[in-house]
Amino acid sequence: MDLRTFLITIALVLFFSLIITPQYAQEYDSRITKNDLKITLLSLGSGSCRLTYERAFHPRYAAELTAGRIGWGWDFLHKSASKGWLVKAAFKWNVIPQKNSNSWLAGFYLKPELVGTFFEYHPSHSSDADIRKRTSQWALLAETGYQVVYKWFLFDVYAGLGPSIGTGNDNNYFHSFMLFPKESHLAFTAGFRIGVAF
């Protein structure tokens, strides 16, 4: 996937998640937070920067879009000098909302998430710095997590599993998930994000 296709995909997902909002959302108090922006802090230590926008359009349903730049950060794990992009799109079911919250975003959730990563990297086993490989990998993850909202502050912790296809890579790290075991098509993800709700 080239950069143009990547940007068009992000624009379309963002358009549908932001513009098409049911009338149901208009019936509630405007002081209730229905949007958030989150950053995945640990990703900076693995060589990528990820920003997530979430919009709730019902107390139980929300949509998320994540865009990431691979190469912005410090790759302490593999030192593979990766450069590229990632995109994630998800639909969330807020199964057990957080009690006494002023937000539709808070609580225990389940979500299917489609992830695509596209980057080039230096294989960790190679001593030749000029060797670069390209990879593109997709995963469809079934995730669960809990999101806490306190006034404007948000903390989100999550984990998930699902099938993955693509070219793979020598380092078994796709800047959003890993394969477990390495030779399989089973993707695993876990982490946390912090952000602001509005």
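Calculation rules
Residues numbered from 1 in each chain as written. Predicted model: local features only at pLDDT ≥ 70, side-chain atom pairs only at ≥ 80, totals over all residues. Heavy atoms only, no water. Helix = DSSP H or I, 4+ residues; strand = E, 2+ residues; numbered from the N terminus. Buried < 20%, exposed > 50% of the residue type's maximum accessible area, 1.4 Å probe, protein only. Contact = heavy atoms within 4.5 Å. Salt bridge = Lys/Arg side-chain N within 4 Å of Asp/Glu carboxyl O. Patch = residues over 30% accessible without salt bridge, like charges linked within 9 Å, V, L, I, M, F, W, Y side chains within 5 Å. Areas by Shrake-Rupley, 256 points an atom, 1.4 Å probe, with all protein chains shown as cover.

(A) Layout of the side chain of serine 48. With respect to the helices and strands, serine 48 occurs in strand β2 (residues 46–58). With relative accessibility at 0%, the residue serine 48 sits in the buried group. Setting aside its immediate chain neighbours within four residues, serine 48 contacts Ser43, Arg69, Ile70, Gly71, Trp72, Gly73 and His175.

(B) Summary view of the pattern of salt bridges. Applying the stated rule across the entire model yields 15 salt bridges. Between arginine 193 and aspartate 156 there is a salt bridge, and its shortest N-O distance comes to 2.7 Å. Remark: aspartate 156 occurs in strand β7 (residues 153–166) and arginine 193 occurs in strand β9 (residues 186–197); sequence separation between them is 37 residues. In this pair, the class of arginine 193 matches that of aspartate 156, namely buried. Counted as one network, the salt bridges with shared partners bring together Asp36, Lys38, Glu54, Glu64, Lys88, Lys92, Lys111, Glu113, Glu143, Asp156 and Arg193.

(C) Structural context of a nonpolar patch on the surface. There is a patch of nonpolar side chains on the surface, built from Leu37, Leu51, Tyr146, Val148, Trp152, Phe153, Phe155, Val157, Val196 and Phe198 and spanning about 860 Å² of accessible area. Looking at the nonpolar patch, the elements that each hand over two or more residues are β6 (133–150) and β7. When residues in the nonpolar patch are grouped by element, the largest group, three residues, is from β7. Turning to its location among the elements, phenylalanine 153 is positioned in strand β7.

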